[in-house]
Amino acid sequence: MKSKKKGIVIALMVAMFLAAVEGTVVTTAIPTIVKELNGFELISWVFSAYLLTSAISTPIYGKLSDLYGRKNILTIGIIIFLVGSCLCGLSQSMYQLIGFRALQGMGAGAIFTLTYTVVGDVFTVGERPKIQGYLSTVWGIASLAGPFLGGFLIENISWNWIFFINLPFGIISIILIQMNLIETFDRKTHKIDYLGTLLFSAAIITFLLGCLPIGKNVIAITLPVTIIILLLFYYVEKKAEEPIIPFDIFTKTSNIVNGISFLASGILIGIDVYIPLYIQNILGFGATVSGLVMAPMSISWLLSSIALSKAIPKFGEKRVIATSTLILLISCMFLFTLGIRSPLALVVGYGFIMGFGFGGAFTTLTIVVQESVGYNKRGAATATNSLVRTLGQTIAVSIFGSILNTNIVKYFNNIGVKGIKPNNLYSTQTLSSGVSLVQIKLSLISGLHQVFTVFIIIALASFALCFMFKSKTRKNSCKQ
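Since this is a predicted model, take the numbers as computed values, not measurements.

A. How the structure looks around the overall build of the protein chain. Within the protein chain, the secondary structure is distributed over 17 helices and 0 strands. For the protein chain, the proportion of its 480 residues judged to be buried stands at 53%. In the protein chain, of all internal contacts separated by at least 6 residues, the share reaching a separation of at least 24 is 82%. Summed over all atoms, the accessible surface of the protein chain reaches about 20,800 Å², with 67% contributed by carbon and sulfur.

As structure tokens, then:
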């Protein structure tokens, strides 16, 4: 491989690590952050803001890169990510953090989209599988290193540094991209679907406002408004020359796969947010231990993605996905046994089992959605599946947050303690009023059990969807 290409590979790997590690680091740090900033009730917003803006910006960056070049747009995206990271680290309140996380997510959208696009532009068909493997390895490394790095920074410096640490990685990536990526593509005139993008963004934001805990009966207003905006979006996209989401990629198979991806992603963000919360706020361990406990799930994820993806030609994708979602369902049921004095080894074991389900499901689902459409639509289908996963996480984390907050208040009301809210759960006023730490833990576990119940329902729905499509890969492999 030429030196220029090596530089590009390193740049892309650093950029991907930058965005990938951010998710795992923040999940480890969030219990500490919400305690310090007194924002327990707003915990879901920290993730929703980031996921929402990254989801909405993803197709926009793709169009802009066709007009102005991958190098320039990717560089701009990384700069936006770094600016957002610095501002997150300087946040003095939860509202500031949420706003700056939204800005950070806008930059992450470029990284997630354009790294793979650059691979397609620069490398030959024979080289691409190896490069894609390198990028996949980065995700594995980020999953293992992120929780440990986050725990180390929190316990030895401060939570602010989980954001500041992005700066050196981002600067290195920008320098390598500018030095090594030489673009020779023909600039094409594209008509950007501004109206479609605006309507799509408005629909998602409106729906999320109804899911988030900002007022009673808000969903009764936002849901019909969302439906109206989506109908307008459909009308606009049918007439757009280059729609942001081409509707002909939605085959029966891709619809089922996207449905499973949407549901499974909801469970994934729930695990990433609430297992560290359980370990730190209920079991009482530090952030470093929390990160180490999450690592076995990443290991089993990698092992499963390798083993089960190779099993597709022999058993068919239907059986592989069904097996993966069944493992996910069983592991979600195990979570319901966790209490305020459960051994840490139990959490490690449950996470390890769950990793097999996630790894097999997401790897196979990606392969299936790519094979469900023709070659010329494969990129759009894959991008849409990625968008669906992000939306699944965004919506789910909002719903989980509402469930947890409601049940915390309900617990204290049931024992005759009034005026306790999630935001002041650890305040001096609450602790001095006679509320014990044991009661706080009991309120949290009561809320988490309700969240785990929803995990089980979602996993059941994912498992049921697996039986609605037919395996094609196995048949094709038998003919060869």
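B. Molecular detail of empty space enclosed by the protein. The tally for this structure, following the rule as stated, stands at 3 cavities of 30 Å³ or more. Along the walls of the largest cavity sit I271, I275, V293, M294, M297, L335, L338, V347, Y350, G351 and M354, which together make up its complete lining. Per element, the largest residue contribution to the lining of the largest cavity is 4 residues, and it comes from helix 13 (residues 344–371). Its residues assigned to classes, the lining of the largest cavity comprises 10 nonpolar, 1 polar and no charged.

C. Representation of the confidence of the model for the protein chain within the structure. With 76% of its residues at a pLDDT of 70 or more, the protein chain shows a mean pLDDT of 76. In the model of the protein chain, helix 17 (residues 473–479) stands out as the element of lowest mean pLDDT, 44, in contrast to helix 16 (residues 437–465), which has the highest, 89. Taken together, the stretch residues 473–480 has pLDDT below 50 and engages in 10 contacts with residues farther than four places along the chain or on a different chain.

D. The arrangement of the environment of A108 in detail. The topology assignment puts A108 in helix 4 (residues 94–122). Between the C-alpha atoms of A108 and E22, which are 86 residues apart in sequence, the distance is 9.6 Å.

E. Quick peek at the layout of surface pockets. Each pocket or cavity is described by its volume, and for the second largest pocket that value is around 420 Å³. Around the second largest pocket sit 19 residues that line it, and F200, I204, L230, I245 and L391 are the ones nearest its centre. The set of elements that each furnish at least two residues to the lining of the second largest pocket consists of helix 8 (194–211), helix 9 (218–239), helix 10 (252–282) and helix 14 (378–414). Broken down by class, the residue content of the lining of the second largest pocket amounts to 15 nonpolar, 4 polar and no charged.

F. The arrangement of a nonpolar patch on the surface in detail. Side chains of L167, I171, I175 and M179 sit close together on the surface and give an oily, nonpolar patch of about 350 Å² of accessible area. Note that M179 resides in helix 7 (residues 166–180).

G. Quick look at the nonpolar core. Counting residues in each nonpolar core, the largest one holds 105 residues, and the members touching the most others are I33 and I271. By residue number, the principal contributor to this core is helix 10, which donates 15 residues. Contacts of I271, omitting those with residues within four sequence positions, involve P276, M294, M297, L335, M354, F358 and F455. Formed by 13 residues, the second largest nonpolar core is a distinct cluster that contains I56, L199, F200 and I229.

H. Broad picture of the packing of helix 10 against helix 12 (residues 317–335). Taken N-terminus to C-terminus, the directions of helix 10 and helix 12 make an angle of 35°; their axes are 12 Å apart at the nearest point. The element helix 10 and its partner helix 12 pack so that their crossing is left-handed. Contact with helix 10, carried on its side by I260, A264, I267, I271 and I275, involves I321, T325, L328, C332 and L335 of helix 12 and no other residues of that element. Per-class residue counts for the contact of helix 10 with helix 12 are 9 nonpolar, 1 polar and no charged.

I. Quick look at helix 10. Compared with the 45 Å implied by 1.5 Å per residue over 31 residues, the 44 Å span of helix 10 between its first and last C-alpha is a close match. Burial within helix 10 is extensive, with 25 of its 31 residues counted as buried.

J. Spotlight on the packing of aromatic side chains. A complete count under the given rule lists 8 aromatic pairs for this structure. Pairing W161 with F164 gives two aromatic rings, centres 5.3 Å apart and planes at 85°, and the pair type is edge-to-face. You can see W161 and its partner F164 sitting in helix 6 (residues 161–164), 3 residues apart, about one turn around the helix. Taking 5.3 Å as the distance between ring centres and 25° as the angle between the ring planes, the aromatic pair formed by F334 and Y350 counts as stacked. Taken as a pair, F334 in helix 12 and Y350 in helix 13 lie far apart in primary sequence, 16 residues in all. Owing to a relative accessible area of 31%, F334 belongs among the partly exposed residues under this scheme. Assessed through its relative accessible area of 11%, Y350 is described here as buried.

So, how was this worked out
Residues numbered from 1 in each chain as written. Predicted model: local features only at pLDDT ≥ 70, side-chain atom pairs only at ≥ 80, totals over all residues. Heavy atoms only, no water. Helix = DSSP H or I, 4+ residues; strand = E, 2+ residues; numbered from the N terminus. Buried < 20%, exposed > 50% of the residue type's maximum accessible area, 1.4 Å probe, protein only. Contact = heavy atoms within 4.5 Å. Areas by Shrake-Rupley, 256 points an atom, 1.4 Å probe, with all protein chains shown as cover. 1 Å grid on protein atoms, 1.4 Å probe; cavity = no way out; pocket = protein on both sides within 12 Å on 5 of 7 lines; lining within 4 Å. Points joined across faces, edges and corners; volume = space filled by probe spheres on them. Nonpolar A, V, L, I, M, F, W, Y, C, P; charged D, E, K, R; others polar. pLDDT = per-residue confidence, 0-100. Patch = residues over 30% accessible without salt bridge, like charges linked within 9 Å, V, L, I, M, F, W, Y side chains within 5 Å. Salt bridge = Lys/Arg side-chain N within 4 Å of Asp/Glu carboxyl O. Core = buried A, V, L, I, M, F, W, Y, C linked by side-chain atoms within 4.5 Å. Axes fitted to C-alpha atoms, helices over the stretch in contact; angles between N-to-C directions. Left-handed = near helix turned anticlockwise from the far one by under 90°. Expected span 1.5 Å × (residues − 1). Phe/Tyr/Trp six-rings, centres within 6.5 Å; stacked < 30°, edge-to-face > 60°.

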